[in-house]
Each structure stands twice: as C-alpha cells, then as structure tokens.
Amino acid sequence: MLVQKFVFRHRISAAVVGLMSAMPVPALAGEFNETDGVAIKGFDPVAYVTERAAVPGRAEFSSVYGGSTFHFRDAGNRDAFIANPAKYAPQYGGYCAYGVARGYKAATTPEAFSVIDGKLYLNYNAEVNTLWSKNIPGFIDKANLQWPMVARATKVSR
C-alpha cells in the first residue's frame, strides 16, 4: 500500500512538472518603465538632456541598458548613451518623478519632463509636471527617499 501511494504521488508530480514545462514563460521586463518592450515610449533620452526636447527615437538606433531597450534619433545619440548611460537614463526607472515622491509608480507622457542638474525626470502629464515644477528640489528629496520602496512595487498607475 505504501509503495502504491508513492507511485501515485510520483505520477502526479511528473504530470504537474510536464504541464509546467509546457507553459509559456513571460518575457522579463528590464529596469525601466517600458511600453511595447521599449523604455520611455521610444523617445531619445540623450535628446532630453542635450536639447531639452522630447524627440522620438528610431528602432534602428537602439541600445539595451538595465535590461531595457532604448531608442535614439541617430547613431551619435546612441553612442553617447552607450558611453555613459547613467548620465542620460531617466531617474526612477522612467516612472513619474512626482508619483515616486508621493510613494507610487505612475506612467509618463514623453512631453512632460524636466532636466535638473543634467538628470532627466519624467512626469505623468503636463498638469503633474506643473505641480512638480513648484518644488522640484523638495520632490527630488522625497523621491530619492521613496524610490527604494517604490522600485519594488509591481502596480503602475496609468
């Protein structure tokens, strides 16, 4: 009887393992806020910093950093990013800086941004960007404190 129970349990385990191995495995996202597998909705992070402009990138000029794919307007911007990605990558994983300061992850709009001390901060929309601009140093201090906890959150406000 004991041998039969073992064999029965073993067969169930083998069946479960077989089913699990046949299940598709979802692709893992990188460290940055991604839309359709691309960080910062495909906008060029270098252009934000160097031109203070939201410039769409192109897939043929891409690079991976932190497991996330970034697009660039041209090869020059891509190469500048590769040489120093920390200089150009958005703060707080590309999530809304104002939201991070308040303790949560939120999506961003490419045109709602600021560059402070050479660092890119994205916001949810123009209205939130206006709120953010009223106390940027204070919000940066709060966001820096909140980010380690917020970074672990899986829920993103849309």
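The coordinates are above.
Turning our attention to the overall build of the protein chain. A tally of regular secondary structure across the protein chain gives seven helices and eight strands. Counting the 158 residues in the protein chain, one finds 39% classified as buried. Across the protein chain, the fraction of contacts at a sequence separation of at least 24, relative to all contacts at a separation of at least 6, is 58%. Of the roughly 9,400 Å² of accessible surface on the protein chain, a fraction of 59% belongs to carbon and sulfur atoms.

Turning our eyes to something else, we now look at the pairing of strand β7 (residues 119-122). Two strands pair when backbone bridges link them, and strand β6 (residues 113-116) and β7 are joined in this way by four bridges, in the antiparallel orientation. Within the sheet, the bridge partner assigned to Phe113 lies in β7 and is Leu122. Between the end of β6 and the start of β7, which pair antiparallel, lie two residues, with Asp117 showing a positive phi angle near 50 degrees.

This part takes up the pattern of salt bridges. Under the definition given, this model contains four salt bridges. Of the charged contacts, one joins Arg58 and Glu60 as a salt bridge, the two residues approaching to 2.5 Å between their closest N and O atoms. When its relative accessible area of 41% is taken as the criterion, Arg58 is described as partly exposed. Relative accessible area serves as the criterion here: at 49%, Glu60 is assigned to the partly exposed category. One continuous salt-bridge network, built from bridges that share partners, spans Glu51, Arg73 and Asp74.

Across all of its chains, the model carries twelve aromatic pairs by this definition. Centroid distance Phe72 to Phe81: 5.0 Å. Interplanar angle 50 degrees. Geometry classified as tilted. You can call Phe81 buried: its relative accessible area is 1%. A connected cluster of aromatic rings, assembled from ring pairs, spans Tyr92, Tyr95, Tyr98, Tyr121, Trp132, Phe139 and Trp147.

On to the side chain of Ser68. The residue Ser68 is located in strand β4 (residues 68-72) in this model. What Ser68 contacts, discounting residues up to four positions off in sequence, is Gly30, Glu31, Phe32, Glu34, Ala39 and Ser63.

Calculation notes
- Residues numbered from 1 in each chain as written.
- Predicted model: local features only at pLDDT ≥ 70, side-chain atom pairs only at ≥ 80, totals over all residues.
- Heavy atoms only, no water.
- Helix = DSSP H or I, 4+ residues; strand = E, 2+ residues; numbered from the N terminus.
- Buried < 20%, exposed > 50% of the residue type's maximum accessible area, 1.4 Å probe, protein only.
- Contact = heavy atoms within 4.5 Å.
- Areas by Shrake-Rupley, 256 points an atom, 1.4 Å probe, with all protein chains shown as cover.
- Pairing = 2+ DSSP bridges.
- Salt bridge = Lys/Arg side-chain N within 4 Å of Asp/Glu carboxyl O.
- Phe/Tyr/Trp six-rings, centres within 6.5 Å; stacked < 30°, edge-to-face > 60°.

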